[in-house]
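# Fold and geometry: a report
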Amino acid sequence: RVFQLMMMSCAVLALVYAAALAAVAAACPSTRFDIRAYGGVGDGRTLNTNAFRGAVAAAATRGGRVFVSGGTYVTGTIELRSNVCLEVAADATVLASDDPLDYVCTRAITWDSGPCNYPLVSAINVTATGILGRGAINGGANDPPGHLVDHYDPTTNFLVPLEWKFPNCTGYSCRPKVAVFTGCTDVTIADITLENSPFWTLSFELSSAIRVIGASIHGDRRWPNNDGMDIIGSRDVIISGCNITAGDDSIAIISHTPDPITNITITDCALQSSSAAIKLSSFDSRASGDLTDITISRITVTDTNRAIGIMPRWGAASIRNVLFENMTIETKFYSIPWWGSAEPISVTLVNFTSSQLCTGQIANVTFRNIVAHSENGALIYSAGDYITGIVMDNVSITVDTIGNGRAMISALRPSRRLSIPLSTPSSHSGCRRP
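In this report, we go over the structure that sits alongside the text. (Residues numbered from 1 in each chain as written. Predicted model: local features only at pLDDT ≥ 70, side-chain atom pairs only at ≥ 80, totals over all residues. Heavy atoms only, no water.)

### Some details on the packing of aromatic side chains
- Summed over all chains, the structure comprises nine aromatic pairs.
- With centroids separated by 6.1 Å and ring planes inclined at 85°, the aromatic side chains of Phe 283 and Trp 314 adopt a geometry described as edge-to-face. Taken together, the residues Phe 283 in the loop between strand 26 (276–282) and strand 27 (291–304) and Trp 314 in the loop between strand 28 (306–310) and strand 29 (319–331) connect sequence positions 31 residues apart.
- Looking at Phe 283, the relative accessible area reads 12%, which means it is buried.
- Under the relative-accessibility criterion, Trp 314 is labelled buried at 11%.
- Their ring planes at 35° and their centres at 5.8 Å tell us that Trp 314 and Phe 352 sit as a pair that is tilted. Residue Trp 314 is located in the loop between strand 28 and strand 29, and its partner Phe 352 is located in the loop between strand 30 (345–349) and strand 31 (362–374); the two are separated by 38 residues in the primary sequence.
- Among the aromatic side chains, those forming a connected cluster through ring pairs are Tyr 103, Tyr 118 and Trp 164.
- The ring centre of Phe 67 lies 4.1 Å from the NZ or CZ of Arg 32, which sits over that ring. (Phe/Tyr/Trp six-rings, centres within 6.5 Å; stacked < 30°, edge-to-face > 60°. Helix = DSSP H or I, 4+ residues; strand = E, 2+ residues; numbered from the N terminus. Buried < 20%, exposed > 50% of the residue type's maximum accessible area, 1.4 Å probe, protein only. Lys NZ or Arg CZ within 6 Å of the ring centre and 35° of its normal.)

This is the structure we're talking about:
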């Protein structure tokens, strides 16, 4: 039976991958515009922002790929256009500049990322675009002396970011994101490695017809806010065959706007996180766009603080018609600063603060064929009758000490008003509704 499921998974992944390749061919004509022909120098020191700008402009005239090969190319913001993709060959790296003046301020649509995004790769209101190739895009947030690392704090196991001092950024938003697609249609991300992001790694905002196939996202487990992938106000999304490691959430699907988030499919991925492997939430005063029709299947979660977190905290958005199936999970308590308490499944609905209210609901969520080995049990909690239709079908949770086995803390962050004192991992198992 297991062999049959594996063969079916491989067959489905092959079909999805073939469809993605066809989409790439349609969206990004094979004509290459080599960055070196526009003054690019891959010596790891020369700034190549103008070279990328020239290659993008040339490719936009008839469609094609900005091609990067043979070295490390330092750059500020790369602004993609319609029918233009960025292709990074296996022997090449696109490296984020350490100078904030090399980045373009683009309007942020989320309250918690300031008035500006500072993306390394940006696409706004374009059609048929993406990133492909077997090379890497490196955001530069890695071990000191990584150019966006201030220092390492051993007491919290955090790499403390170096925050830029700009008038148009606030708090931890004063760092670049690796790639942001806003208002785009027909986006393909295939095979590429995105690594060491200083902030959210790959974001899709108000976009549709998105395919992320075979991508690898590697963020330092000690780095805060380096989400692997964020889906905000977007629809018709396929994520398949990806490998994602992050300090913050591996995949976050979050309502921040009135725009619905619907028809999301995530399959055949391997996830690791110091926070949540998969998070569904609403977190904004304008968050009235519901999360609906989401299928997440054939996922492996290992060495993670919380596997599945359904946790709306602010706004009117509801989360409904969600299926999690055929998953294997390993969770263990990571450290106090990270959200999560080693739960394999956590479904909670509470207010962010006494004035920032969560007025939506969670309904019709199914967990099927899930095997978990965890330091905590599943948690289902709300302050009223706001969670309905939760189905556990063939869910097995073994609670045991895996890592440091320390006592758990509040499982309801980022709520600032309510907490649940949890017991030690050995004193409970299975599901409970406090």
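### A few points about the pairing of strand 29
- Examined bridge by bridge, strand 27 and strand 29 share 10 bridges and lie parallel to one another. Bridging across to strand 29, Thr 295 finds its partner in Leu 323.
- In this structure, strand 29 lies alongside strand 31, joined through 11 bridges in parallel fashion. Bridging from a neighbouring strand, Leu 323 pairs with Thr 366 of strand 31. (Pairing = 2+ DSSP bridges.)

### Overview of the state of the cysteines
- For the coordinates displayed, the defined rule picks out one disulfide.
- The thiol of Cys 242 is unpaired, and the distance to the nearest cysteine sulfur, on Cys 269, comes to 4.6 Å. (Disulfide = S-S within 2.5 Å.)

### Things to note about the environment of Ser 273
- With respect to the helices and strands, Ser 273 occurs in strand 25 (residues 261–273).
- For Ser 273, a relative accessible area of 0% corresponds to the buried category.
- Between the C-alpha atoms of Ser 273 and Thr 304, which are 31 residues apart in sequence, the distance is 4.8 Å.
- In this structure, Ser 273 is in contact with Arg 221, Ala 246, Gly 247, Asp 248, Asp 249, Ser 250, Asp 303, Thr 304 and Asn 305, ignoring residues within four places of it in sequence. (Contact = heavy atoms within 4.5 Å.)

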